Amino acid sequence: RQTMTTGRETILGNIRKSLNRGPLSAERAAGPEHRLKAAKPNLVPARGAVEGAERVALFIAEAEKVDTTVSRVAAAAEVPGVVAAYLAAHDLPTALKAAPDPALADIPWSRQSTLAVRQGGPEGGDEVGVTGALAGIAETGTLMLVSGPHSPTTLNFLPDTHIAVLTTGAIDGTYEEAWARLRAAGSEGPEGAFMPRTVNLITGPSRTADIEQTLLLGAHGPRRLLIVIIDDQGP
């Protein structure tokens, strides 16, 4: 952490020098620090201002609008069965590459004998990837995923089929709430303040309409997205 801080100060110092500016005074530096620590939310759409079951229902409805399949289960023990059924319905391979995410640790994959699950980042032949998600955002049916040792970003994008698992308690109404969740999670890091290298916001499967305005799924990433929601707050 000390090395990172020193490097940051060196870079900013060089920029100030090139602009013929001296070091910031304590008074001037206090302004940006205060704005960062007391960030105010932007204008928030009323659509996301929902709670409880209504929030979960909105997330599901918005996700399904963009060709996402959503399944809701009562416990982690039901996830393998849902995944196996989804793969069978789409005639997909039953070999899964799962992120080494503690959020997925309670899923008893061995209960579904048809599934072959390995942990780690994707390799060339992996067709189905399973990840957790830091948050779901109800106003647009979006997933927020962060990079890190337990959540390789490549697993979100390289396999043709992406399966994401999250709990109802991780579904926020708005983007502002999701960013607040990220900041709160970062403040609990081992160094007291941690932000991931990458934050990915995923809304439905990969798509493009660049070619003759024809919608094509899977152009730049997974062509299928399954979200499995585990109820951890009741109905």
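Now for a description of the structure that goes with this document. Just so we're clear, the structure is a prediction, and the values are computed from it rather than from any experiment.

### Comments concerning the pairing of strand 9 (residues 199-202)
Okay, so step 1: Side chains Asn-200 and Ile-202 project from strand 9 onto a buried face, and the interleaved Val-199 and Leu-201 project onto a face without burial.
Okay, so step 2: Note that strand 6 (residues 142-146) and strand 9 share 4 bridges and pair antiparallel. Directly across from Met-144, in strand 9, lies its bridge partner Leu-201.

### Digging into helix 3 (residues 52-65)
Along an α-helix, a turn takes 3.6 residues, which lines up residues three or four apart on a common side.
Okay, so step 1: Under the 1.5 Å per step criterion, the end-to-end length of helix 3 is 21 Å for 14 residues, consistent within 8% with the ideal 20 Å.
Okay, so step 2: Every buried residue of helix 3 is listed here: Arg-55, Val-56, Leu-58, Phe-59, Ile-60, Glu-62 and Ala-63.
Okay, so step 3: Asp-67 occupies a position one or two residues after helix 3 and carries a positive phi of about 70°.

### A look at the pattern of salt bridges
Okay, so step 1: Counting across every chain of the model gives 10 salt bridges.
Okay, so step 2: Among the ionic pairs, Asp-126 bridges to Arg-118, the shortest N-O distance being 3.2 Å.
Okay, so step 3: By relative accessible area, Asp-126 is classed as buried at 13%.
Okay, so step 4: When the shortest N-O distance is used, the salt bridge between Arg-223 and Asp-160 registers 2.8 Å. Taken together, the residues Arg-223 in the loop between strand 11 (216-217) and strand 12 (224-230) and Asp-160 in the loop between helix 5 (154-157) and strand 7 (161-167) connect sequence positions 63 residues apart.

### Remarks on the sheet that holds strand 5 (residues 135-137)
Okay, so step 1: Strand order across the open sheet formed by 4 strands is 8-5-6-9, with mixed pairing between neighbours. Edge positions in the sheet fall to strand 8 (171-172) and strand 9, since each has one partner strand and no second.

### Considering helix 2 (residues 26-37)
Okay, so step 1: In this model helix 2 runs 16 Å from its N-terminal to its C-terminal C-alpha over 12 residues, within 8% of the 16 Å that 1.5 Å per residue would give.
Okay, so step 2: In terms of residue burial, helix 2 counts as a barely covered element, since only 0 of its 12 residues are buried.

### So, a nonpolar patch on the surface
Okay, so step 1: A cluster of nonpolar side chains, Ile-11, Leu-12, Ile-15 and Leu-19, forms an exposed patch at the surface whose accessible area comes to about 340 Å².
Okay, so step 2: Locating Leu-12 in the fold gives a position in helix 1 (residues 2-18).
Okay, so step 3: Since its relative accessible area comes to 30%, Leu-12 is described here as partly exposed.

Thresholds, definitions, all that
Residues numbered from 1 in each chain as written. Predicted model: local features only at pLDDT ≥ 70, side-chain atom pairs only at ≥ 80, totals over all residues. Heavy atoms only, no water. Buried < 20%, exposed > 50% of the residue type's maximum accessible area, 1.4 Å probe, protein only. Helix = DSSP H or I, 4+ residues; strand = E, 2+ residues; numbered from the N terminus. Pairing = 2+ DSSP bridges. Expected span 1.5 Å × (residues − 1). Salt bridge = Lys/Arg side-chain N within 4 Å of Asp/Glu carboxyl O. Patch = residues over 30% accessible without salt bridge, like charges linked within 9 Å, V, L, I, M, F, W, Y side chains within 5 Å. Areas by Shrake-Rupley, 256 points an atom, 1.4 Å probe, with all protein chains shown as cover.

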